[in-house]
Amino acid sequence: MLLLACCLAAAYSVQAQPSGLPLRHPLTDPPAPSPSVQTQYWFPSHPQLQFPAGTPIDVVVGIHNVGAQPLNFTAIMGSLNAKDKFSFFIQNFTFTEYDAYVPAGEEASLQYTFLPDGSLPQLEFQVAVQLFYNDQQVQFSNTVFNRTIDIFEVSSFIDFQLLGLWALVLAVAGVGGFFLYKYILGMPFMKQDRQRVVLAICTIDPHLELMCVFLSVGSPSQHHVRGKQAQTTSTAIDVI
Ligand SMILES: *[C@@H]1O[C@H](CO)[C@@H](O)[C@H](O)[C@H]1NC(C)=O
Ligand SMILES: *[C@@H]1O[C@H](CO)[C@@H](O)[C@H](O)[C@H]1NC(C)=O
Ligand SMILES: *[C@@H]1O[C@H](CO)[C@@H](O)[C@H](O)[C@H]1NC(C)=O
């Protein structure tokens, strides 16, 4: 991680400090903003600022050059920090370079993608996104975004989806059961019992034999029905 930080710093200083100034990490003491630049941000897939851990997050940075000089927008870098202690950097996101020339009065937008670590706990953190740019002489940077966000674990998201799947399976089974119930009620031997049958429990064994137990309200007796297949006709049925 230290190595990565050193190389990011080196990449940045090559990009932004060609005059041989001391190496500087882009997020440590970044250059001041220019009054000529207005920024906006939006998170197209996560507008509620709830980020699943281990999932790439896109942020679109809108830029308006309201000054009189053209500007070159050269890089974006983000970080994830402790919620109440910004100086505690938990994760530094990729330093992404851009080559966006924006003339005076023009607008542009850049998309930056960062990846909150998959092992982050389900907590609130601070995320900051820093935009780097320059005119002919001076380096600038703006803090485009600096807010509290929610990290949530993907596993709970999957559990939620599984729950939905189970609900679907149960619904399909319920509808199937209803039609099976109607089908069995329609069988000739059931006709005289129609009013009394309230519950049918059916199983299909590995030999594709359908076994149903009918519990009736009208009489204490139970009917056991065995058939060869689910589509058995009434002739193949014998009542035990
Ligand atoms: C992230 O960047 C900050 C600010 O420059 C630096 O102090 C910190 O050591 C870096 N953290 C990691 C984990 O690279
Ligand atoms: C922007 O970058 C281009 C090419 O890298 C360079 O020619 C131009 O002078 C730069 N303009 C500003 C305003 O920095
Ligand atoms: C982000 O906001 C926190 C307070 O909420 C502040 O301490 C910190 O300096 C800000 N960071 C940047 C890069 O603006």
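Conventions adopted
Sequence order sets the numbering: in each chain, residues are counted from 1 along the sequence as written. Chain A is the first chain written and ligand 1 is the first ligand written, with later ones labelled in order. Only residues with pLDDT of 70 or above have their local features reported here, since the model is predicted, and side-chain atom pairs are shown and tallied only from 80 upward, although totals for entire chains, interfaces and linings are computed over all residues. Where side-chain values are given, they derive from all heavy atoms of the structure, hydrogens and water being excluded. UniProt positions are given in the numbering used here, feature names are shortened, and annotations may be inferred rather than shown by experiment. Put simply, a nonpolar core is a bunch of buried Ala, Val, Leu, Ile, Met, Phe, Trp, Tyr and Cys residues held in one set by side-chain atoms that sit within 4.5 Å of each other. For every residue, the accessible area (1.4 Å probe, protein chains only) is compared with the maximum for its type, and the residue is labelled buried under 20%, exposed over 50%, or partly exposed between those bounds. Under the scheme used here, helices are H or I runs from DSSP no shorter than 4 residues and strands are E runs no shorter than 2 residues, and both carry numbers assigned from the N terminus. Only heavy atoms enter the contact rule, under which two residues are in contact if any of them lie within 4.5 Å. When DSSP finds two or more bridges between two strands, those strands count as paired. Axes here mean lines fitted to C-alpha atoms, for a helix over just the part in contact, with angles spanning 0 to 180 degrees between N-to-C directions.

As annotated in an unreviewed UniProt entry, the protein chain carries the name Translocon-associated protein subunit alpha and is attributed to Apatococcus fuscideae. Under the UniProt heading Sequence similarities (unreviewed entry), the note attached to the protein chain is "Belongs to the TRAP-alpha family." A UniProt comment under Subcellular location (unreviewed entry) is attached to the protein chain, and it reads "Endoplasmic reticulum membrane".

S.K.: I'd like a rundown of the nonpolar core, residues and numbers included.
M.R.: Grouped together as the largest cluster of nonpolar side chains are 31 residues, with contacts concentrated most on Phe 73, Phe 114 and Leu 131. Every element with two or more residues in this core is listed here: strand E3 (57–65), strand E4 (71–82), strand E6 (96–102), strand E7 (107–114), strand E8 (124–134) and strand E9 (139–152). Residues contacting Phe 73, with those up to four places away along its chain left out, are Val 37, Ile 63, Tyr 98, Asp 99, Ala 100, Val 102, Leu 110, Leu 131, Phe 132 and Tyr 133. Counting five residues, the second-largest nonpolar core is a separate cluster that includes Ala 75, Met 77, Phe 95 and Phe 132.

S.K.: I'd like to hear about the sheet that holds E3, residue by residue, with values.
M.R.: Here three strands make up an open sheet; going across it, the order is E1-E3-E7 and the pairing antiparallel. In this open sheet, the two strands that pair with only one neighbour each are strand E1 (37–42) and E7. Each neighbouring strand pair of the sheet contributes to a mean axis angle of 25°, computed without reference to strand direction. As judged from the eight bridges shared by E3 and E7, these two strands associate in the antiparallel manner. Bridge pairing in E7 links Asp 58 to Thr 113.

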